[in-house]
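Here is what each chain is made of, one letter per residue.
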Amino acid sequence: MGDGALSVWERSSTARVVPSARPRKLAKVPFVELADGRLQGVVSSGSDIGRVYVSSVEAGSYAFACSTNNNRPCGGARGWFCNHIRALIGEAVLQYGAERVARYLKIEDAAEESDAQSLTGAMTATRPAQSDSSAAAQVFSRFLRHLAYLELGPTTAPLPEMQWFPTTRAVA
């Protein structure tokens, strides 16, 4: 049964869950996603347990942004990728695999056997510009939404905010 047999509604209304390429630890980078034309996520501060950084790299241009959860600029992102962005790229490679990250970010010079370091090197070689942190609020909001689901106890009862998802055996 190929995509041709599925209706438009069925193709567009289900979210595919892709398993991690490799297991990763969530303490340093608790949230990473490929969305909105960016690699983006939340990175824990190494010096302050109460602070996190929202970091992103745009696909194609590799323009980067990094700021704290209360919109203060990252001190390390002054014209180059800071350690938060490097950690984000590393965790994205663990989560999605180097090939998928390179394809999403449109890294043309990615080697067949790429890793986080080679992808970072290919992007920094283009001398990307620093962009504004306007997307940080959306990314942090999605991170907080994911945290809220972790606080829920195990149940088979439906979640009201998830009711718009169709059941897996729904017939249109």
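Scroll up to find the structure this text is about.
Residues numbered from 1 in each chain as written. Predicted model: local features only at pLDDT ≥ 70, side-chain atom pairs only at ≥ 80, totals over all residues. Heavy atoms only, no water.

### Regarding the nonpolar core
Judged by nonpolar contacts, the single largest core of 30 residues is most densely connected at L39, I85, L105, I107 and M123. Elements represented by at least two residues in this core include exactly β1 (31-35), β2 (38-44), β3 (52-58), β4 (64-68), α2 (83-96), α3 (98-105) and α4 (116-124). Sequence-distant contacts of I85, defined by excluding residues within four places in its chain, comprise S55, S56, V57, F64, A65 and C66. Of all hydrophobic cores here, the second largest spans 8 residues; its members include F31, V42, V139 and F140. (Core = buried A, V, L, I, M, F, W, Y, C linked by side-chain atoms within 4.5 Å. Buried < 20%, exposed > 50% of the residue type's maximum accessible area, 1.4 Å probe, protein only. Helix = DSSP H or I, 4+ residues; strand = E, 2+ residues; numbered from the N terminus. Contact = heavy atoms within 4.5 Å.)

### Here's the deal with the pattern of salt bridges
Evaluation of the coordinates by the stated rule reveals 5 salt bridges. Put simply, D36 and R38 hold a salt bridge, and the shortest N to O gap is 3.8 Å. On the accessibility criterion, D36 (47% relative accessible area) is partly exposed. A salt bridge links D48 to R51; the nearest nitrogen and oxygen atoms lie 3.6 Å apart. Given the relative accessible area of 30%, R51 is considered partly exposed. Here the residues in one salt-bridge network are E33, D36, R38 and R142, joined through shared partners. (Salt bridge = Lys/Arg side-chain N within 4 Å of Asp/Glu carboxyl O.)

### Considering α4
Of all the positions in α4, only A116, L119, T120, A122 and M123 are classed as buried. One side of α4 carries all its buried residues, which in axial view fall inside an arc of 160°. Residues of α4 that are buried make contact with β3, α2 and α3. (Arc of directions from axis to C-beta.)

### A few points about the packing of aromatic side chains
The tally for this structure, following the rule as stated, stands at 3 aromatic pairs. Look at F140 and F143: their rings are 5.9 Å apart centre to centre, the planes differ by 45°, and that puts the pair in the tilted class. With F140 and F143 both in helix α5 (residues 136-150), this residue pair falls 3 residues apart, about one helical turn. Judged by its relative accessible area of 8%, F143 is buried. (Phe/Tyr/Trp six-rings, centres within 6.5 Å; stacked < 30°, edge-to-face > 60°.)

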